[in-house]
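Here is how the chains run, residue by residue.
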Amino acid sequence: MRGRYTPHLILLALIAIWSASFVVSKVALRALSPSGLVAARFWLAIVCMAPFLGRTARADLARSVGPGLAAGCALGLGYLLQMEGMTETSASMGGLLAGLIVPLVAVGGLVFFGARMGGLAVLGLLLAIAGIGTICWPGEPAPGAHRDTLLGILLQVGASASYAGHVLMLSRFGRTQPVAALAFWQLLLVAVVGTGMAFAHHGFTAGGAAIAWTAELLWALLYLGVLATAVGIGVQSKVQHLVPQAHVPLLFAMQPLFAAVCGAAFQGDRLGVTQFVGGGLIVVGVVVTSFDRAGGRADA
């Protein structure tokens, strides 16, 4: 029994780190453009990963290039949409909408892999949709609250859909591809696309000014690039498969709650009544979806 729940605690710690990254991203976006932040974050993660690539055979890299780039497309789109959305929403709202990933994975499994979707999964999806509708419902925010725009909310929803696609791809490719090589191609594609988007659209800095290399920005980049991306992806690949599949969505249901707490504590985010209700519906939808027992991949 000893150590039985150690993978659960490690994965929960990673989820807390990723939840806090919404607040840290808001800090970094004061100096960097959305695409510039994505590029900087992923190039830094590649630098951290480089020592481990020396042990990866060229044959593994060649075998993983297709699946890695495909998964990287979904991952990159998710990050770019999310960072754009973060300029229009609070950190708390970004975290709440990230909770949509779990029910969207259930839908994606049904559509693309022929997985069964039981009654609880359908109920969870409907609750999550109701939560989005409640959040988007026009109304006055709480006094002093951040005004989340409809565009920002839609961008965050699109990011969650992209992340759900990434999860589904990893579920399919992760069984047959070497972990380091698969991760490398994903990180490289996102870094290159982020760099290209920065040159083509925003530039690398917020407002086109020169980058002010403050201690705040450096700590934010270290947190996002090293801790949340390089360490996060590496450790997740080692421990997530040790957690029972039914427990994983329950742990990820904590992400919106962690993000809301971090946003309130460090950014002064204040959610209105409709946002609290909508976020609550999303979290409940995630939990309900996780109890579905009919779900699963169809036999290939």
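Refer to the preceding data block for the structure.
Residues numbered from 1 in each chain as written. Predicted model: local features only at pLDDT ≥ 70, side-chain atom pairs only at ≥ 80, totals over all residues. Heavy atoms only, no water.

Student: Hey, could you go over the overall build of the protein for me, with residue numbers and the actual values?
Tutor: The helix and strand inventory of the protein stands at 12 helices and 0 strands. In the protein, the succession of α and β elements from N to C terminus is α-α-α-α-α-α-α-α-α-α-α-α. Counting every position in the protein, which comprises 300 residues, the buried fraction comes to 47%. If you take every contact in the protein between residues at least 6 apart in sequence, the share linking residues at least 24 apart comes to 92%. Counting every atom, the protein has about 14,300 Å² of accessible surface; 71% of that belongs to carbon and sulfur. (Helix = DSSP H or I, 4+ residues; strand = E, 2+ residues; numbered from the N terminus. Buried < 20%, exposed > 50% of the residue type's maximum accessible area, 1.4 Å probe, protein only. Contact = heavy atoms within 4.5 Å. Areas by Shrake-Rupley, 256 points an atom, 1.4 Å probe, with all protein chains shown as cover.)

Student: Which residues make up a nonpolar patch on the surface, and what values go with them?
Tutor: On the surface, Leu110, Val111 and Phe112 cluster together into a nonpolar patch covering about 330 Å² of accessible area. Following the sequence through the fold, leucine 110 ends up in helix α5 (residues 101-113). The exposure class assigned to leucine 110 is partly exposed, which follows from its relative accessible area of 40%. (Patch = residues over 30% accessible without salt bridge, like charges linked within 9 Å, V, L, I, M, F, W, Y side chains within 5 Å. Salt bridge = Lys/Arg side-chain N within 4 Å of Asp/Glu carboxyl O.)

Student: For the environment of alanine 50, give the residues involved together with the corresponding values.
Tutor: Here alanine 50 lies in helix α2 (residues 34-53). With 134 residues separating them in the primary sequence, alanine 50 and phenylalanine 184 have C-alpha atoms 8.8 Å apart.

Student: Outline the environment of alanine 128, listing residues and values.
Tutor: By the element assignment, alanine 128 lies in helix α6 (residues 119-136). Remark: the alpha-carbon pair of alanine 128 and isoleucine 101, spanning 27 residues in sequence, is separated by 10.0 Å. With sequence-adjacent residues up to four places away left out, alanine 128 is seen in contact with Leu100, Pro103, Leu281 and Ile282.

Student: Provide a residue-level description of the pattern of salt bridges, including the pertinent values.
Tutor: Tallying each qualifying case throughout the model produces 2 salt bridges. For the salt bridge of arginine 63 with aspartate 60, the shortest nitrogen-to-oxygen distance reads 3.7 Å. Here arginine 63 pairs with aspartate 60, and both are found in helix α3 (residues 58-86), just 3 residues apart, close to one helical turn.

Student: Account for the packing of aromatic side chains, naming residues and giving values.
Tutor: Both the distance between ring centres and the angle between the ring planes are used here to describe each pair of aromatic rings. Per the counting criterion, the structure on display carries 4 aromatic pairs. Here phenylalanine 42 and tyrosine 79 contribute two aromatic rings whose centre-to-centre distance is 4.9 Å and whose plane-to-plane angle is 75 degrees, an arrangement assigned as edge-to-face. Here tyrosine 79 lies in helix α3 and phenylalanine 42 lies in helix α2, a separation of 37 residues in the sequence. Accessibility assignment for this pair places phenylalanine 42 and tyrosine 79 in one class, buried. Here the aromatic rings of tyrosine 79 and tyrosine 163 are separated by 5.5 Å at their centres, their planes lie at 80 degrees, and the arrangement is edge-to-face. (Phe/Tyr/Trp six-rings, centres within 6.5 Å; stacked < 30°, edge-to-face > 60°.)

Student: Quick rundown of the side chain of threonine 229? Include the residues and the values.
Tutor: Tracing the backbone shows threonine 229 in helix α9 (residues 215-239). Residue classification places threonine 229 among the buried positions, given a relative accessible area of 1%. Looking at threonine 229, its side chain comes within polar contact range of the side chain of arginine 41, at 2.6 Å. Polar side-chain contacts of threonine 229 include one of 2.6 Å to the backbone oxygen of leucine 224. If we skip the residues at most four places from it in the chain, threonine 229 touches Arg41, Phe42, Ala45, Leu187 and Leu224. (Polar contact = N/O pair within 3.5 Å; in protein donor to acceptor, adjacent residues only side chain to side chain.)

Student: How would you sum up the packing of α3 against helix α7 (residues 150-173)? Please name residues and give values.
Tutor: Put simply, α3 and α7 touch, their axes get as near as 8 Å, and they point 160 degrees apart. One finds that α3 runs roughly antiparallel with respect to α7. The element α3 and its partner α7 pack so that their crossing is left-handed. Looking at the contact of α3 with α7 residue by residue, the class counts come to 15 nonpolar, 9 polar and 1 charged. (Axes fitted to C-alpha atoms, helices over the stretch in contact; angles between N-to-C directions. Parallel < 35°, antiparallel > 145°, perpendicular 65-115°, else oblique. Left-handed = near helix turned anticlockwise from the far one by under 90°. Nonpolar A, V, L, I, M, F, W, Y, C, P; charged D, E, K, R; others polar.)

Student: Summarise α9; cite the residues concerned and give the values.
Tutor: The sharpest bend along α9 reaches about 40 degrees and sits at glycine 232. Buried residues of α9: Leu217, Ala220, Leu221, Leu224, Gly225, Ala228, Thr229, Ala230, Gly232 and Val239, and no others. (Bend = angle between axes of the 7 residues up to and from the residue.)

Student: Just give me the short version of the nonpolar core, but keep the residues and values in it.
Tutor: If you look at soluble globular proteins, the nonpolar side chains tend to sit buried side by side. Among the nonpolar cores identified, the biggest contains 40 residues, and Leu37, Val38 and Phe42 are the most heavily contacted of them. Of all the elements in the fold, those that place two or more residues in this core are α1 (6-28), α2, α3, α4 (91-98), α7, α8 (179-202), α9 and α11 (254-266). For this core, the leading source of residues is α2, giving 7 residues. If sequence neighbours within four positions are ignored, valine 38 has contacts with Tyr79, Leu80, Met83 and Val190. One finds Leu11, Ala228, Leu251 and Val286 within the second-largest nonpolar core, a separate group that totals 12 residues. (Core = buried A, V, L, I, M, F, W, Y, C linked by side-chain atoms within 4.5 Å.)

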